[in-house]
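Commentary on secondary and tertiary structure
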Amino acid sequence: MSNQMIGFIGLGKMGRPMATHVAAAHPGLLVFDVVTPADGWPVGSTAATSAAHVAQSVDVAILSLPDGIAAAAVVTELIAASNRRLRCIIDTSTVGVEASRTIASAARTVDVDYVDAPVSGGVAGAQAARLTAMWAADAAISAVVEPLLDTFCAKTFRVGDEAGMAQATKLANNYLSGIAIAASCEAIALAAAHGVDPEVAVAVINESTGRNTATTDKFPQQVFTGQFASGFSSSLLLKDLQLCDDAAVDAGTGWALGSYLVETWARFEAAHPGSDVTLMYRSVTASDPNAPSAKER
Ligand code: NAD
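Remember, it's a predicted structure, so these values are computed and weren't measured experimentally.

A closer look at the overall build of the protein
- Per the secondary structure count, the protein includes twelve helices and nine strands.
- The C-alpha radius of gyration of the protein comes to 20 Å, within 12% of the 19 Å expected for a compact globule of 297 residues.
- When burial is assessed residue by residue, the protein has 50% of its 297 residues classed as buried.
- Restricting the contact set of the protein to residue pairs at least 6 apart, pairs at least 24 apart contribute 64%.
- Of the accessible surface of the protein, which amounts to about 13500 Å², a share of 55% is contributed by carbon and sulfur atoms.
- Computed over 18 positive and 29 negative side-chain charges, the inter-centroid distance for the protein is 3 Å.

A few points about the nonpolar core
- The biggest cluster of nonpolar side chains holds 29 residues, and the ones touching the most others in it are Cys185, Phe219, Trp265, Met280 and Tyr281.
- In terms of residue count, the dominant contributor to this core is helix H7 (residues 165-193) (seven residues).
- Discounting residues that sit within four places of it in the chain, cysteine 185 has contacts with Phe219, Met280, Tyr281 and Val284.

Notes on the site of the ligand
- In the vicinity of the ligand there are 25 residues, among which Met14, Asp33, Leu65, Thr94 and Lys239 approach most closely.
- Measuring from an oxygen atom of the ligand, one finds a backbone N or O atom of glycine 12 at 3.4 Å.
- Between the ligand and lysine 13, the relevant distance is 2.9 Å, taken from an oxygen atom to a main-chain nitrogen or oxygen of the residue.
- Starting from 830 Å² of accessible surface for the ligand in isolation, the protein chains cover 85%.
- Going through the elements one at a time, helix H5 (122-127) and helix H10 (234-251) are the ones with two or more residues in the shell around the ligand.
- Considering each element in turn, the shell around the ligand owes the most residues, three residues, to H10.

Examining the pairing of strand E2 (residues 29-32)
- Both faces of E2 are covered, namely the face carrying Leu29 and Val31 and the face carrying Leu30 and Phe32.
- As for the winding sense of the linkage, the β-α-β connection from strand E1 (residues 6-9) through helix H1 (residues 15-25) to E2 is right-handed.

Regarding a nonpolar patch on the surface
- Among the surface-exposed residues, Phe157, Val159 and Met165 lie close enough to one another that they form a single nonpolar patch of about 240 Å² accessible area.
- In this structure, phenylalanine 157 sits in strand E9 (residues 153-160).
- Accessibility expressed as a relative area gives 44% for phenylalanine 157, which makes it partly exposed.

What to know about the packing of helix H3 (residues 68-80) against helix H4 (residues 97-108)
- Here H3 crosses H4 at 0°, and the two axes come no closer than 10 Å. Our classification of the angle between H3 and H4 gives roughly parallel. For the pair formed by H3 and H4, the contact residues are Gly68, Ala71, Ala72, Val75 and Ile79 on the first element and Ala99, Ile103, Ala106 and Ala107 on the second.
- Considering only residue class, the contact of H3 with H4 consists of eight nonpolar, one polar and no charged.

Reading the values: rules and limits
Residues numbered from 1 in each chain as written. Predicted model: local features only at pLDDT ≥ 70, side-chain atom pairs only at ≥ 80, totals over all residues. Heavy atoms only, no water. Helix = DSSP H or I, 4+ residues; strand = E, 2+ residues; numbered from the N terminus. Rg over C-alpha atoms; globule rule 2.2 N^0.38 Å. Buried < 20%, exposed > 50% of the residue type's maximum accessible area, 1.4 Å probe, protein only. Contact = heavy atoms within 4.5 Å. Areas by Shrake-Rupley, 256 points an atom, 1.4 Å probe, with all protein chains shown as cover. Lys, Arg positive; Asp, Glu negative; His and termini not counted. Charge placed at Lys NZ, Arg CZ, Asp CG, Glu CD. Core = buried A, V, L, I, M, F, W, Y, C linked by side-chain atoms within 4.5 Å. Near = heavy atom within 4 Å. Polar contact = N/O pair within 3.5 Å; in protein donor to acceptor, adjacent residues only side chain to side chain. Right-handed = clockwise from strand over helix to strand, strands pointing away. Patch = residues over 30% accessible without salt bridge, like charges linked within 9 Å, V, L, I, M, F, W, Y side chains within 5 Å. Salt bridge = Lys/Arg side-chain N within 4 Å of Asp/Glu carboxyl O. Axes fitted to C-alpha atoms, helices over the stretch in contact; angles between N-to-C directions. Parallel < 35°, antiparallel > 145°, perpendicular 65-115°, else oblique. Nonpolar A, V, L, I, M, F, W, Y, C, P; charged D, E, K, R; others polar.

Right, dumping it as structure tokens:
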């Protein structure tokens, strides 16, 4: 592992802190983004000029890109690079089941391993190197994958052999996360509308059966502080839920609450494009004329 050169592509809200941890473990990390990060390139890293430059210079490239379209474009450039050194791509992006399978099979044609490896834990988790990674690929490459994921993760799980299996796991998680935020906002707004202090309502719920990550983390840290800056945007959540929708329809599994959830977040995103997901709380209180409310149903 120590002789391997590592690259990182996509230094956005998640990728910048993740790459910072990788650079601490692998000085000389080669980084690339189409935009220079606001906080600059991570200490100990070197900026590449293109994705092809990364492919020519490193053995393993880690990706953190917005979606399947960006990931497919970057992987196409990586695998087409002349004098390619790259032999393994670890993609931490949430791209969906179908895109992951398609990208993996393109990489396989040129003998590059594509590891489907999305992460959970948000920007705070990335900053603290406390993410959870789920990955799917041949177990034979564990020795390459695990130590790199360990630089920014608290927990890693190998969930299967085939690309797409980790995406399915990640989408299942984000479905629950999306429903937890939306349902918690409606629940706390309901209690507040009946005169209960929202902080008291959350304190009670956190000692009761309704407890979830929105009530334990997002309400105390983002809503009650007025920050509304969890780092997870409604556009990204909607992307994940639409990918979930595709995967559920494809698999033929039950998706009644899921399809209503997609509609709910699509309506929120249309009214408040790119907002932090925690702003859903403001939108379900009576003050927002664009809010999706019980009256509309
Ligand atoms: P982001 O938009 O902040 O970052 C994406 C980065 O990719 C940007 O810096 C962008 O310039 C770069 N990029 C786009 N196209 C590129 C290209 N062709 N070549 C090089 N760089 C390119 O997104 P994010 O919030 O950091 O999320 C990244 C991924 O992680 C997404 O797939 C997201 O679904 C997933 N994710 C996000 C969170 C979260 O809380 N933000 C949590 C878990 C997983």
